[in-house]
Amino acid sequence: MDLAELKEKVLKNELTFNVLIFSYADRFNVNSYIDTIANNKQANKVIISSLDEYQTDDVFAEDIDEDDSIYVLFADEFDTLINIEDYKNLIIATPKLSSIVSKELKDIVVNFPKLLEWQIKDYMRVKATGLKQEQLDFIYTICNGDIFRIDNELAKLCLFDNDTQKYIFEQLVESNNFEDTNSKAMFNLISAISKKDYKTISYMLKNKKSLDLDVFGLVALLKKNFKNVIDIQLNPKATPDSLKMKYNQFMAIKYNCGKYSNKSLMTIYKYLNDFDYELKSGKLDIDDYYLFDYVVCKILTL
């Protein structure tokens, strides 16, 4: 069964099955389909850890009707040729399906490809209709394109109506309450770069792997930080009100002004925008271990 056929049957609520095998590159879509199938059937979703567990009496508790239950097995890998007549309403989901099972049971196998950037952003637009595109792009970048992180962040915002979502977004940004920006390490590094604190920068670069620092989050936060510094350092008349900043945030940025010349600030900001474009367009290898270090060192030399 291909994904388009599955989608059509789910939308029409016409899906019946003994066994379905979901082979996925991205689990988010799989979770969504499983939940929708269970809801359509008004069925209990029973998570099992093995096929043996399905076959035990424990699964069929007295308060659970077998006909009204969906059994879900998440397996790291799956290579068992099963007799589908032995099961009912069973979904097996795995990121690693053997070629033999894929071939022999192809009629019940559904392949879920990795979600592409445009698909994730379409999902974001539909879910958080109160946010501007640049705000959605910020969330996408800060979450490194991870759909699970993105969905978690959007869930916070979707508690509010459309008119309030933009305001809540700004509050979350200012208070560093987005999931990835909660990382104290990343903000310590941004602060160290702003102050040209070479000792802290050196330490954090040496330990970036253990500190879970990523280049997408770094560039997004550096762009925002240097834009704020430019707005204050290059405009002596700037005020918290004119820049729509909280007083404490404004004063913290102003305190770090003067570490870079006006010319350097403009050069750095242009570099970050150009780098961000190349990063998002796939021209750079994001798996390059030294790419993160290169960005930081380049800024300090401009």
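Above this text you will find the structure in question.
As a starting point, this report considers the structure included with it. (Residues numbered from 1 in each chain as written. Predicted model: local features only at pLDDT ≥ 70, side-chain atom pairs only at ≥ 80, totals over all residues. Heavy atoms only, no water.)

**Describing the nonpolar core**
- Formed by 57 residues in total, the largest nonpolar core has its most connected members in Val295 and Ile299.
- The leading source of residues in this core is helix 11 (residues 215–233), at eleven residues.
- The residues contacting valine 295, other than those within four sequence positions of it, are Val215, Leu218, Val219, Leu222, Tyr271, Leu272 and Phe275.
- In this structure, Val10, Leu15, Phe22 and Ile91 belong to the second largest nonpolar core, which totals 20 residues. (Core = buried A, V, L, I, M, F, W, Y, C linked by side-chain atoms within 4.5 Å. Buried < 20%, exposed > 50% of the residue type's maximum accessible area, 1.4 Å probe, protein only. Helix = DSSP H or I, 4+ residues; strand = E, 2+ residues; numbered from the N terminus. Contact = heavy atoms within 4.5 Å.)

**Remarks on the layout of surface pockets**
- Empty space within the largest pocket amounts to approximately 800 Å³.
- Along the walls of the largest pocket sit 25 residues, with Phe138, Phe169, Glu170, Val173 and Lys224 positioned nearest its centre.
- Counting residues per element, the ones that place at least two in the lining of the largest pocket are helix 6 (133–142), helix 8 (162–174), helix 11 and helix 13 (262–280).
- Class assignment of the residues belonging to the lining of the largest pocket gives a composition of eight nonpolar, five polar and twelve charged. (1 Å grid on protein atoms, 1.4 Å probe; cavity = no way out; pocket = protein on both sides within 12 Å on 5 of 7 lines; lining within 4 Å. Points joined across faces, edges and corners; volume = space filled by probe spheres on them. Nonpolar A, V, L, I, M, F, W, Y, C, P; charged D, E, K, R; others polar.)

**Digging into the pairing of strand 3 (residues 69–74)**
- Judged by how many residues are buried, strand 3 sits mostly within the fold: five of six residues are covered.
- Note that strand 2 (residues 44–48) and strand 3 share five bridges and pair parallel. In the strand pairing of strand 3, isoleucine 47 is matched with valine 72.
- As judged from the four bridges shared by strand 3 and strand 4 (residues 90–94), these two strands associate in the parallel manner. If you follow valine 72 over to strand 4, its bridge partner there is isoleucine 91. (Pairing = 2+ DSSP bridges.)

**Some points on the packing of aromatic side chains**
- Counting across every chain of the model gives nine aromatic pairs.
- Consider the rings of phenylalanine 138 and phenylalanine 169, whose centres lie 5.9 Å apart with planes at 85°: the pair is edge-to-face. In this pair, phenylalanine 138 sits in helix 6 while phenylalanine 169 sits in helix 8, placing the two residues 31 residues apart along the sequence. Phenylalanine 169 matches phenylalanine 138 in its accessibility class, with the two residues each being buried.
- One Lys or Arg, arginine 27, reaches over the ring of phenylalanine 74 and ends 3.6 Å from the middle of that ring. (Phe/Tyr/Trp six-rings, centres within 6.5 Å; stacked < 30°, edge-to-face > 60°. Lys NZ or Arg CZ within 6 Å of the ring centre and 35° of its normal.)

**Description of the sheet that holds strand 5 (residues 109–112)**
- With parallel pairing, the five strands of this open sheet are ordered in space as 2-3-4-1-5. Pairing within the sheet leaves two strands with one partner each, and these edge strands are strand 2 and strand 5. On average, each strand axis in the sheet is tilted by 25° relative to the strand beside it, whichever way the strands run.
- The sheet strands contacting helix 1 (residues 3–11) are strand 1 (19–24) and strand 5, and the helix crosses strand 5 at an angle near 100°.
- Contacting strand 1, strand 2, strand 3, strand 4 and strand 5, helix 2 (residues 27–40) crosses the sheet at an angle of about 165° to strand 3. (Axes fitted to C-alpha atoms, helices over the stretch in contact; angles between N-to-C directions.)

**Here's the deal with the side chain of lysine 223**
- Within the secondary structure layout, lysine 223 lies in helix 11.
- One polar contact links lysine 223 to asparagine 273, side chain to side chain, over a distance of 3.5 Å.
- Setting aside its immediate chain neighbours within four residues, lysine 223 contacts Tyr269, Leu272, Asn273 and Asp276. (Polar contact = N/O pair within 3.5 Å; in protein donor to acceptor, adjacent residues only side chain to side chain.)

**Here's the deal with empty space enclosed by the protein**
- Taken as a whole and judged by the stated rule, the model has two cavities of 30 Å³ or more.
- As a volume, the largest cavity reaches approximately 50 Å³.
- Lining the largest cavity are Ser194, Asn225, Phe226, Val229, Gln233, Asn256, Cys257, Gly258, Lys259, Tyr260 and Leu265.
- Top contributing element to the lining of the largest cavity by residue count: helix 11, with four residues.
- Among the residues forming the lining of the largest cavity, the class breakdown is five nonpolar, five polar and one charged.
- Contributing elements (two or more residues each) for the lining of the second largest cavity: helix 1 and helix 2.

**Some points on the environment of leucine 105**
- Here leucine 105 shows up in the loop between helix 4 (99–104) and strand 5.
- A relative accessible area of 14% places leucine 105 in the buried class.
- Leucine 105 sits 85 residues away from leucine 20 along the chain, and the two C-alpha atoms are 9.4 Å apart.
- In this structure, leucine 105 is in contact with Ile21, Leu81 and Ile82, ignoring residues within four places of it in sequence.

**Some details on the packing of helix 11 against helix 13**
- Running from N to C, helix 11 and helix 13 point in directions that differ by 150°, and their axes come no closer than 10 Å. It follows from the interaxial angle that helix 11 and helix 13 lie roughly antiparallel. For helix 11 against helix 13, the interelement crossing comes out left-handed. Counting all contacts with helix 11, which are made through Val215, Phe216, Val219, Leu222, Lys223, Phe226, Lys227, Val229, Ile230 and Gln233, the residues of helix 13 involved are Asn262, Leu265, Met266, Ile268, Tyr269, Leu272, Asn273, Phe275, Asp276 and Leu279.
- In the contact of helix 11 with helix 13, the residues fall into 14 nonpolar, three polar and three charged. (Parallel < 35°, antiparallel > 145°, perpendicular 65-115°, else oblique. Left-handed = near helix turned anticlockwise from the far one by under 90°.)

Taken by themselves, the reported measurements are silent on function.
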